[in-house]
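# Observations on the three-dimensional arrangement
Take a look at the letters that make up each chain.
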Amino acid sequence: MALRNAILRHLRVPVQTLGLNQSKIGFLGTIRSFSSHDDHLSREAVVDRVLDVVKSFPKVDPSKVTPEVHFQNDLGLDSLDTVEIVMAIEEEFKLEIPDKEADKIDSCSLAIEYVYNHPMSS
């Protein structure tokens, strides 16, 4: 029990108040933020960042990049290039995309959908 108390003294979650009249709402007037991922990215932000990643790829002509572009059919990239783009997207959004999901991402539109729907994209 003493070890538990010693640990809990050092592990405190900061509490933020809402600025509401706490006398009316009692203990419910505080909010605890347990997640470092407080807000989700907007779709426009995801589109812009995915397109920037694809445009910065050395083998891609930036003028051909649109939200609907297919990596192999429209940009002439091979499967290895597609893997590199997916890895760059993972790095840009601080995500780890499982191999089964990464294999399905072969266009900007699929990359945008995956990142936008991922709860931990940042």
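Everything numeric here is computed off the predicted structure, so don't read it as measured data. (Residues numbered from 1 in each chain as written. Predicted model: local features only at pLDDT ≥ 70, side-chain atom pairs only at ≥ 80, totals over all residues. Heavy atoms only, no water.)

### Thoughts on the overall build of the protein
Convention followed: Secondary structure elements are defined from DSSP: runs of H or I of at least 4 residues count as helices, runs of E of at least 2 residues count as strands, and each element is numbered from the N terminus. Note on classification: 1.4 Å probe, protein chains only; a residue is buried when its accessible area is under 20% of the maximum for its type, exposed when over 50%, partly exposed between these limits. Whether two residues touch is decided by their heavy atoms; if any such pair falls within 4.5 Å, the residues are in contact. To be clear on the numbers: accessible area is Shrake-Rupley with a 1.4 Å probe, and residue cover counts the displayed protein chains and nothing else.
When helices and strands are counted, the protein shows 6 helices and 2 strands. Looking at the 122 residues of the protein, the share that counts as buried comes to 30%. For the protein, restricting intrachain contacts to residue pairs at least 6 apart in sequence, the fraction spanning at least 24 positions comes to 51%. For the protein, the exposed area adds up to about 8700 Å²; of that, 54% sits on carbon and sulfur atoms.

### Details of the pattern of salt bridges
Two side chains carrying opposite charge are able to pair once their charged atoms lie near each other. Rules: Only one rule defines a salt bridge in this text: a Lys or Arg side-chain nitrogen within 4 Å of an Asp or Glu carboxyl oxygen.
The final tally for this structure, using the stated rule, is 4 salt bridges. Linking arginine 43 and glutamate 113 is a salt bridge whose minimum nitrogen-to-oxygen distance equals 2.2 Å. Here glutamate 113 lies in helix H6 (residues 108-117) and arginine 43 lies in helix H3 (residues 43-55), a separation of 70 residues in the sequence. Its relative accessible area of 34% is what places arginine 43 among the partly exposed residues. A relative accessible area of 31% places glutamate 113 in the partly exposed class. Between lysine 59 and aspartate 81 there is a salt bridge whose closest N-O contact spans 3.1 Å. Within this pair, whereas lysine 59 is found in the loop between H3 and helix H4 (79-93), its partner aspartate 81 is found in helix H4, the two being separated by 22 residues in sequence.

### Structural notes on H6
Heads up, the rule is: It is the directions from the helix axis to the C-beta atoms that the arc portrays.
Within H6, burial applies to Cys108, Ala111, Ile112, Tyr114 and Val115. Along H6, the residues classed as buried sweep out an arc of 165 degrees about the axis, all on the same side. On its buried face, H6 is in contact with H3, H4 and helix H5 (99-104).

### Quick word on the environment of phenylalanine 71
Within the fold, phenylalanine 71 resides in the loop between H3 and H4. Accessibility expressed as a relative area gives 0% for phenylalanine 71, which makes it buried. A sequence separation of 36 residues divides phenylalanine 71 from serine 107, and the C-alpha atoms of the two residues are 5.2 Å apart. Not counting the four nearest positions on each side in its chain, phenylalanine 71 is found in contact with Val54, Gly76, Leu77, Thr82, Ile85, Ile105, Asp106, Ser107 and Cys108.

### Focus: the nonpolar core
Formally: For our purposes a nonpolar core is just a set of buried Ala, Val, Leu, Ile, Met, Phe, Trp, Tyr and Cys residues, chained together by side-chain atoms within 4.5 Å.
In this structure, Val50, Val54, Phe71, Ile89 and Phe93 are the most contacted members of the largest nonpolar core, which totals 27 residues. Put simply, the parts of the chain that give this core at least two residues each are H3, H4 and H6. If you tally residues by element for this core, the top one is H3, at 6 residues.

### A few points about unusual backbone geometry
At lysine 94, a position not held by glycine, the phi torsion is positive, near 55 degrees. A relative accessible area of 63% places lysine 94 in the exposed class.

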